[in-house]
Amino acid sequence: MVRGECNCGAVAFEISADLSGVFVCHCSICQRSTGSNGIAVVIVDNNVFRWLRGQEQVTSWKKPDADWQTWFCRVCGSPLPGANDKTRMFVPAGLISDGGEALRVIHHVWVGSKAVWDEIGDSGQQHSEAFEG
Ligand SMILES: [Zn+2]
Ligand SMILES: [Zn+2]
């Protein structure tokens, strides 16, 4: 069982699956969204994901004219899990507090857009643009 929560603790969730693969998106939109080199996420099936509390604090913003949307805590601003597609959710890896011991970066996407100071030092496979894993 994997558990995670936002910075203020208002929102918490659990995932009833073993997780191992982390995707890091280095695109310019994720850079601005996080103020960092992008965002690290784990992709899970909808049917293994469950909100434990605070779902009413989850809000989202869709970037106009882009296929990009973010979900975040309306109290503390932490990025939160959201819809990856119709059947899967993405979960920001940094939220995971329990059960993430086996997590390793397996794919870097939008590496062609990464920040000049962003040096990739792990063995994850690098993709210049999107990659559907
Ligand atoms: Zn919060
Ligand atoms: Zn991105």
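As a reminder, the structure under discussion sits directly above these lines.
Since we're looking at a predicted model, the values are computed, not measured.

A. Layout of the pattern of salt bridges. In this structure the tally under the stated criterion is four salt bridges. Among the ionic pairs, Glu-14 bridges to Arg-3, the shortest N-O distance being 3.3 Å. Within this pair, whereas Glu-14 is found in strand β2 (residues 12–15), its partner Arg-3 is found in strand β1 (residues 2–5), the two being separated by eleven residues in sequence. When its relative accessible area of 8% is taken as the criterion, Glu-14 is described as buried. A salt bridge links Arg-50 to Glu-14; its shortest N-O distance comes to 2.7 Å. Of this pair, Arg-50 sits in strand β5 (residues 49–53) while Glu-14 sits in strand β2, and the two are 36 residues apart along the sequence. According to the relative accessible area criterion, Arg-50 is partly exposed, its value standing at 46%. Through salt bridges with shared partners, a single ionic network connects Arg-3, Glu-14 and Arg-50.

B. A look at the coordination of the zinc ion (ligand 1). Looking at the zinc ion (ligand 1), the protein donor atoms are Cys-6 (SG), Cys-8 (SG), Cys-73 (SG) and Cys-76 (SG), and they sit 2.3 to 2.4 Å from it. Taken together, the four donor atoms surrounding the zinc ion (ligand 1) define angles of 104 to 113° at the centre, an arrangement classified as tetrahedral. All donors of the zinc ion (ligand 1) come from a single chain, and their spacing in sequence reads C-x1-C-x64-C-x2-C. Under the relative-accessibility criterion, Cys-73 is labelled buried at 1%. We classify Cys-76 as partly exposed; its relative accessible area is 31%.

C. Looking closely at the sheet that holds strand β7 (residues 69–73). Read across the open sheet, the three strands follow the order β6-β7-β8; overall the sheet is antiparallel. In this open sheet, the two strands that pair with only one neighbour each are β6 (58–62) and β8 (79–80). Two elements, β7 and β8, share two bridges in a ladder whose sense is antiparallel. Counted as the bridge partner of Phe-72 is Pro-79 from β8.

What counts and how
- Residues numbered from 1 in each chain as written.
- Chains lettered and ligands numbered in written order.
- Predicted model: local features only at pLDDT ≥ 70, side-chain atom pairs only at ≥ 80, totals over all residues.
- Heavy atoms only, no water.
- Salt bridge = Lys/Arg side-chain N within 4 Å of Asp/Glu carboxyl O.
- Helix = DSSP H or I, 4+ residues; strand = E, 2+ residues; numbered from the N terminus.
- Buried < 20%, exposed > 50% of the residue type's maximum accessible area, 1.4 Å probe, protein only.
- Donors = N, O, S within 2.8 Å, 3.2 Å for Na, K, Ca; no water.
- Tetrahedral: all angles 85-135°; square planar, octahedral: opposite > 155°, others 65-115°.
- Pairing = 2+ DSSP bridges.

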